[in-house]
Amino acid sequence: PLDTRVAGPLLLLAAAAVVMLTSFASRGVSVLKSPAVAVRRPLRAPLQGARSAIRMPVSLPVGNSPLRCLRSQSSASIATRAQAGSADTRDYLSVHVFVNVKEGTEEDFADASVLNAINSAEEPGVARFDVLQNSNDPLKFVLVEVYKNGDAPAAHKETEHYAAWRDRVADMMATPRSAAKMEVVFPAKTTNWDYPSTMDDDESEEQEVFCHHITARVVDGLQEAFLDATIANARTSMVEDGVARFDVLKHADDEQQFMLVRVFKSAEAKAIQESSMHEKQWKEDVAQYLEGPLGQADFSNIFPTEIGRWEYRSKLAA
């Protein structure tokens, strides 16, 4: 026979076990699975709901159905909310200057452009001034000039350093330069665009980044639906470890044309993001909004070289 000092606690444990089993059964939790599985199971339903909300494709609007009314309300919402806030970027402009230089002048052009970029970044109306070189054609460059207001581009062209750059590179041009002026859509916080004034040791580390530019021409009338899907994908992607930037831009002179600027910390990070379920779902969702195939180009960074000048400063408050 069991000692009463042992039997008492055992009976109490058995009673507690019966109560726990009854509670699990009433919640629909299987007691045949391991404790870890039992803990995860109640979370499965809300996770599936959140995932379906992110991945739900938006159909082409038809008639005045309740679905269209609901979607039109949320449609105006995401792009508008992306610009809300006291320190937002609704006045910011991103000017992309496309350059094709003569063979043999690549290094001289890069040197001149970096010097111009360093000085330009000190202008009060300049948020950032990136110099990129095409990964597949070293004769092609893109200068990504982000200005804080509509007057800043003209003010930049009045500076001595711009004039010196313009004169120095004039004979290097294989074809005339062209430019595209774009409005900033996402991220909306200025802290995620402006070069940081100070950086810690990790942020000051020089690092090659992989810039991937996507151009999209959207069917007229479907721009908001395209932005809804694109900003949702950007928000999901920007928190991934290997992603530095995931910008969304809209052409100022062509409301159907958009530019997506994605910056990765490594080639592996780029491959991981492009094979992710949310990226595949984004491509599937936006296919119905496009007039043609997406344009794509890859670039490496000439300037800036510090990783801290590429990464978003506040990913959770984009």
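Residues numbered from 1 in each chain as written. Predicted model: local features only at pLDDT ≥ 70, side-chain atom pairs only at ≥ 80, totals over all residues. Heavy atoms only, no water.

A. Structural view of the packing of helix H4 (residues 106-120) against helix H6 (residues 160-169). The interhelical angle for the contact between H4 and H6, taken along N-to-C directions, is 170°, at an axis separation of 9 Å. If you check the angle between H4 and H6, you find them roughly antiparallel. Residue-level contacts link Asp108, Phe109, Asp111, Ala112, Ser113, Leu115, Asn116, Asn119 and Ser120 of H4 to His161, Tyr162, Trp165, Arg168 and Val169 of H6. Residues belonging to the contact of H4 with H6 are distributed by class as follows: six nonpolar, five polar and three charged. (Axes fitted to C-alpha atoms, helices over the stretch in contact; angles between N-to-C directions. Helix = DSSP H or I, 4+ residues; strand = E, 2+ residues; numbered from the N terminus. Parallel < 35°, antiparallel > 145°, perpendicular 65-115°, else oblique. Contact = heavy atoms within 4.5 Å. Nonpolar A, V, L, I, M, F, W, Y, C, P; charged D, E, K, R; others polar.)

B. Looking closely at the sheet that holds strand E2 (residues 126-134). Within the closed barrel, the eight strands sit side by side as E1-E3-E2-E8-E5-E7-E6-E4. Their pairing is antiparallel. For this sheet, the mean angle separating the axes of adjacent strands, direction not counted, is 35°. Sheet strands in contact with helix H7 (residues 223-238) are strand E4 (178-186), strand E5 (210-217), strand E6 (243-251) and strand E7 (257-264), and its direction is about 165° off that of E6. (Pairing = 2+ DSSP bridges.)

C. Main features of empty space enclosed by the protein. Under the defined criterion, the tally for this structure stands at three cavities of 30 Å³ or more. One number sums up the size of the largest cavity: a volume of about 90 Å³. Arg128, Asp130, Val144, Asp247 and Val261 are, among the 16 residues lining the largest cavity, the residues nearest its centre. Of all the secondary structure elements, the ones that give two or more residues to the lining of the largest cavity are strand E1 (93-100), E2, strand E3 (140-147), E5, E6 and E7. Classifying every residue of the lining of the largest cavity by side-chain character gives nine nonpolar, three polar and four charged. (1 Å grid on protein atoms, 1.4 Å probe; cavity = no way out; pocket = protein on both sides within 12 Å on 5 of 7 lines; lining within 4 Å. Points joined across faces, edges and corners; volume = space filled by probe spheres on them.)

D. View of the side chain of glutamate 306. One can find glutamate 306 in the segment after strand E8 (295-303). For the buried residue glutamate 306, which engages in no salt bridge, the nearest side chain bearing the opposite charge is arginine 309, 4.1 Å off. Those residues in contact with glutamate 306 that sit more than four places away from it in its chain are Met199, Glu203, Ser204, Glu205 and Glu206. (Buried < 20%, exposed > 50% of the residue type's maximum accessible area, 1.4 Å probe, protein only. Lys, Arg positive; Asp, Glu negative; His and termini not counted. Salt bridge = Lys/Arg side-chain N within 4 Å of Asp/Glu carboxyl O.)

E. Representation of the packing of H7 against helix H9 (residues 277-286) within the structure. In the contact formed by H7 and H9, the axes pass within 10 Å of each other and the chain directions differ by 175°. Here H7 is positioned roughly antiparallel relative to H9, judged by the angle of their axes. Each of Phe226, Ala229, Thr230, Asn233, Thr236 and Ser237 in H7 lies in contact with H9, whose residues at this interface are His278, Glu279, Trp282 and Val286. Of the residues assigned to the contact of H7 with H9, the class counts are four nonpolar, five polar and one charged.

F. Quick peek at helix H8 (residues 267-274). For H8, the set of buried residues is Ala269, Lys270 and Gln273. All buried residues of H8 lie within an arc of 100° about the axis, which places them on one face of the element. Summarising the geometry of H8, the exposed residues directed more than 90 degrees from the buried face are Glu268 and Ile272. Looking at the buried side of H8, the elements it contacts are E5, H7, E6, E7, H9 and E8. (Arc of directions from axis to C-beta.)

Geometric values such as these leave the question of function open.
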